[in-house]
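As a plain string of letters, each chain reads:
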Amino acid sequence: MNRRSLALLIGAMVAAMIFGCSITMTVGALAFGWSVGDFLALGPAATVTPTKTFLPTFTATPSIVPSPTATLAPTSTPEPPTPTQPPTPTAAPPTNTPTPRPPAPSPTPKPPPPTNTPQPVYEFYHKSGPNKDPCHPGWCLPEISGIVIDAEGNPLDNFSPVWIKLDSSVFGVQHCRTGDEAQALQPGHFKFNSPDGRVFREYTLTVVRNPGGQALSAPLQEKMNSIVKGGQQTNIVFQRTH
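Every value quoted in this text rests on a predicted model; they were computed, and no experiment measured them. (Residues numbered from 1 in each chain as written. Predicted model: local features only at pLDDT ≥ 70, side-chain atom pairs only at ≥ 80, totals over all residues. Heavy atoms only, no water.)

Undergrad: Account for the pattern of salt bridges, with residues named and values stated.
TA: Going through the model one piece at a time under the given rule, you end up with 5 salt bridges. The partner of E123 in a salt bridge is R240, and the shortest N-O contact between them spans 3.0 Å. Linking E123 in the loop between α3 (36-40) and β1 (124-128) with R240 in strand β9 (residues 232-240), this pair joins segments that are 117 residues apart in sequence. Its salt-bridge partner being R198, residue D196 comes within 2.8 Å of it at the nearest N-O pair. With relative accessibility at 45%, the residue D196 sits in the partly exposed group. Residues joined by salt bridges that share partners form a network here, namely E123, R209 and R240. (Salt bridge = Lys/Arg side-chain N within 4 Å of Asp/Glu carboxyl O. Helix = DSSP H or I, 4+ residues; strand = E, 2+ residues; numbered from the N terminus. Buried < 20%, exposed > 50% of the residue type's maximum accessible area, 1.4 Å probe, protein only.)

Here you go:
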């Protein structure tokens with residue numbers, strides 16, 4: 001076997017190993033017309049006219065192109081995404097609307113000042129008294145006495161007497177003329193005695209022109225509640241103003 005045939009055999013073996021064909025060494029030996037002994041007794045030999053070498057037919061294995069995996073439709077209907085709620089704006093505190101002030105109340109008009117009633121101008125006024133002295137029962141009677149004088153301080157004479165009006169809560173109204181001779185009174189003097197020993201209680205004295213006549217002085221208000229505590233009220237003085 002020459003080198004060329006050996007090279008072809010090796011190529012066939014390599015091809016059989018690579019491609020996995022059913023071609024065997026026997027086919028190679030038949031193709032080239034030699035045996036194993038010839039293979040072992042390599043030596044010069046006559047040039048052999050090579051026969052037609054049949055190249056092995058290789059069946060091409062088609063490449064399987066994997067088909068693209070079909071996208072499976074989702075079984076469940078996807079829920080639409082929940083819209084994001086915008087943040088709730090924080091309400092600003094209400095603007096304080098100033099409350100209009102109520103209208104100022106109209107001032108209540110003040111009533112006009114009372115008209116001062118002119119005080120009557122009296123001819124006499126109370127000047128002083130009384131002196132309140134105790135009067136022990138059985139020794140004296142309750143008494144009210146005094147004097148009326150002119151503007152110069154002199155007792156009124158018996159030619160121009162005036163009357164004193166007594167209004168008592170116990171004895172009622174009584175009158176006494178100044179300088180009354182029936183009571184042995186000095187000019188200008190007057191006196192009221194209790195007829196039964198009772199005190200006069202609250203009373204007033206007024207200088208008048210005559211019993212039931214015009215008042216010549218403002219009433220003098222006094223009281224006698226006890227014989228021991230002022231049962232004798234004396235030295236009451238009325239004076240003429242001019």
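Undergrad: Hey, could you go over the state of the cysteines for me, with residue numbers and the actual values?
TA: In total, this model carries 1 disulfide according to the counting rule given. Disulfide pairing places C135 opposite C140 at an S-S distance of 1.7 Å. (Disulfide = S-S within 2.5 Å.)

Undergrad: So what about the pairing of strand β7 (residues 201-208)? Which residues, and what values?
TA: Looking at chain direction, strand β4 (residues 163-168) and β7 are connected through 6 bridges and run antiparallel. Its bridge partner being in β7, W163 is matched across the sheet by V208. (Pairing = 2+ DSSP bridges.)

Undergrad: Explain the packing of aromatic side chains residue by residue, including any values.
TA: Across all of its chains, the model carries 2 aromatic pairs by this definition. Seen from their ring centres, F171 and F200 are 5.1 Å apart, and the 65° between their planes marks the pair as edge-to-face. Of the two residues, F171 is situated in the loop between β4 and β5 (172-177) and F200 in the loop between β6 (189-193) and β7; the sequence distance between them amounts to 29 residues. On the accessibility criterion, F200 (0% relative accessible area) is buried. (Phe/Tyr/Trp six-rings, centres within 6.5 Å; stacked < 30°, edge-to-face > 60°.)

Undergrad: So what's going on with the sheet that holds β7? Which residues, and what values?
TA: The strand order β5-β4-β7-β8 describes an open sheet built from 4 strands, whose pairing is antiparallel. Every interior strand has two partners, whereas the edge strands, β5 and β8 (220-224), have only one. The average undirected angle you get between the axes of adjacent strands in this sheet is 25°. The pairing of β4 with β5 spans 6 bridges and is antiparallel. When the sheet's bridge partners are listed, L166 is paired in β5 with Q174. (Axes fitted to C-alpha atoms, helices over the stretch in contact; angles between N-to-C directions.)

Undergrad: Before we move on, could you go through the side chain of S194 and cite the residues and values that matter?
TA: By secondary structure assignment, the location of S194 is in the loop between β6 and β7. A distance of 3.1 Å separates a polar side-chain atom of S194 from the backbone nitrogen of G197. A distance of 2.6 Å separates a polar atom in the side chain of S194 from the backbone oxygen of R198. Filtering out sequence-adjacent residues up to four positions away, S194 remains in contact with L141, P142, F171 and F200. (Polar contact = N/O pair within 3.5 Å; in protein donor to acceptor, adjacent residues only side chain to side chain. Contact = heavy atoms within 4.5 Å.)

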